[in-house]
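# Structural features, examined
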Amino acid sequence: MSGTGVGLGKVEVRLKWDPSPLGERPRHLDIIGATYSADDPLGRPVYVVHYESRSPDGTINMNRHSETGLGLGFVEVMVLELERLSSAYGRVVVGVVIHQDGGPRTFGDISNAGVLVVEGYRELLADDFAGVAESTAMTVAEFVRDDSGAWEFREMVRGFDSDPVVFTAEMGSARQ
């Protein structure tokens, strides 16, 4: 959690995975961020950010994107400038999804995969997907505004069995 009254500022979500073995279709993972209104933080996302988009105000975007993994560390990065996000938004949920265009794949099928959430040099979360090995999508983190308007981090590692489109609709649900 963040310090009292200070809150989180600029956060990065970093994703890594190894490329597919020779002869197999590429394994394509993506970071997805969903932003929810302050008036309805558990409702439908106001907007979703992924590799082909960014937030309307530029506060959430993809700095790096990979469609194959490179095996060279973190190859996909989403930046969230929470301190600049409008007060109309009270919650942001970030997740990771596996594209299923090469047949069914779960996180257990992806080698050397991991996600890291950092603010500056401070690590907020590191996960290797072992707890969601049978899932095709997962939420990673939830960022919420406290009563003072400061942003707080909450670990939100939950597995889903969804394709990217369905996952964006259900990732912020209240389901435990």
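Small disclaimer: the values here were computed from a predicted structure and weren't measured.

### Some thoughts on the overall build of the protein chain
When you go through the protein chain residue by residue, the secondary structure sums to 1 helix and 10 strands. The order of helices and strands in the protein chain, counted from the N terminus, is β-β-β-β-β-β-β-β-β-β-α. Projected onto its principal axes, the C-alpha positions of the protein chain cover 55 × 30 × 30 Å. By the burial criterion, 51% of the 176 residues in the protein chain qualify as buried. Within the protein chain, residue pairs in contact and separated by at least 24 positions form 66% of the contacts whose partners lie at least 6 positions apart. Approximately 8,400 Å² of the protein chain is accessible, and the part contributed by carbon and sulfur atoms is 48%.

### Re the packing of aromatic side chains
Counted according to the given criterion, the structure contains 4 aromatic pairs. Seen in terms of ring centroids, Y47 and Y89 are 5.5 Å apart; in terms of plane orientation they differ by 85°. Their pairing is edge-to-face. Of this pair, Y47 sits in strand 3 (residues 47-49) while Y89 is found in strand 6 (residues 89-98), placing the two residues 42 residues apart along the sequence. By the burial criterion, Y47 is buried, and Y89 matches it. Ring centres of F160 and F167 lie 5.3 Å apart, and the angle between their planes is 70°; on these two criteria the pair is classed as edge-to-face. No difference in accessibility class separates F160 from F167, as the two residues are buried. Here the guanidinium or amino end of K16 rests over the ring plane of F74, the centre of that ring lying 5.7 Å away. Across the ring face of Y36, the terminal group of R91 is positioned such that the distance to the ring centre comes to 5.0 Å.

### Description of the nonpolar core
In this structure, L80, L82, V92, V96, V117, F129 and F143 are the most contacted members of the largest nonpolar core, which totals 36 residues. For this core, the element with the highest residue contribution is strand 6, accounting for 5 residues. Excluding anything up to four places from it in sequence, V92 contacts A34, T35, I60, L80, L82, L85, A141, E142, F143 and W151. Judged by nonpolar contacts, the second largest core, of 10 residues, contains V93, V97, F167 and M171.

### Observations regarding the pattern of salt bridges
Opposite charge on two side chains lets them pair, provided their charged atoms get close. Scanning all chains against the criterion turns up 5 salt bridges. Put simply, E81 and R84 hold a salt bridge, and the shortest N to O gap is 3.2 Å. Of the charged contacts in the structure, one is a salt bridge between E142 and R154, with a shortest N-O distance of 3.8 Å. Taken as a pair, E142 in strand 9 (residues 137-145) and R154 in strand 10 (residues 151-160) lie far apart in primary sequence, 12 residues in all. Residue classification places E142 among the buried residues on the basis of a relative accessible area of 12%.

### Quick look at the sheet that holds strand 2 (residues 29-37)
With respect to topology, 5 strands assemble into an open sheet ordered 3-2-6-9-10, the strand pairing being antiparallel. Strands at the two margins of the open sheet, each flanked by one partner only, are strand 3 and strand 10. On average, adjacent strands in this sheet sit at an angle of 20° to one another, irrespective of strand direction. Summarising the sheet, strand 9 and strand 10 pair through 8 bridges and their orientation is antiparallel. Looking across to strand 10, one finds that A141 is bridged to E155.

### Points about the pairing of strand 5 (residues 76-81)
Counting buried residues in strand 5 gives 6 out of 6 residues, a clear majority hidden from the surface. Alternating positions in strand 5 separate into two faces, E76, M78 and L80 on one and V77, V79 and E81 on the other, with burial throughout.

What counts and what doesn't
- Residues numbered from 1 in each chain as written.
- Predicted model: local features only at pLDDT ≥ 70, side-chain atom pairs only at ≥ 80, totals over all residues.
- Heavy atoms only, no water.
- Helix = DSSP H or I, 4+ residues; strand = E, 2+ residues; numbered from the N terminus.
- Buried < 20%, exposed > 50% of the residue type's maximum accessible area, 1.4 Å probe, protein only.
- Contact = heavy atoms within 4.5 Å.
- Areas by Shrake-Rupley, 256 points an atom, 1.4 Å probe, with all protein chains shown as cover.
- Phe/Tyr/Trp six-rings, centres within 6.5 Å; stacked < 30°, edge-to-face > 60°.
- Lys NZ or Arg CZ within 6 Å of the ring centre and 35° of its normal.
- Core = buried A, V, L, I, M, F, W, Y, C linked by side-chain atoms within 4.5 Å.
- Salt bridge = Lys/Arg side-chain N within 4 Å of Asp/Glu carboxyl O.
- Pairing = 2+ DSSP bridges.
- Axes fitted to C-alpha atoms, helices over the stretch in contact; angles between N-to-C directions.

The values reported here are purely geometric and, on their own, carry no functional implication.
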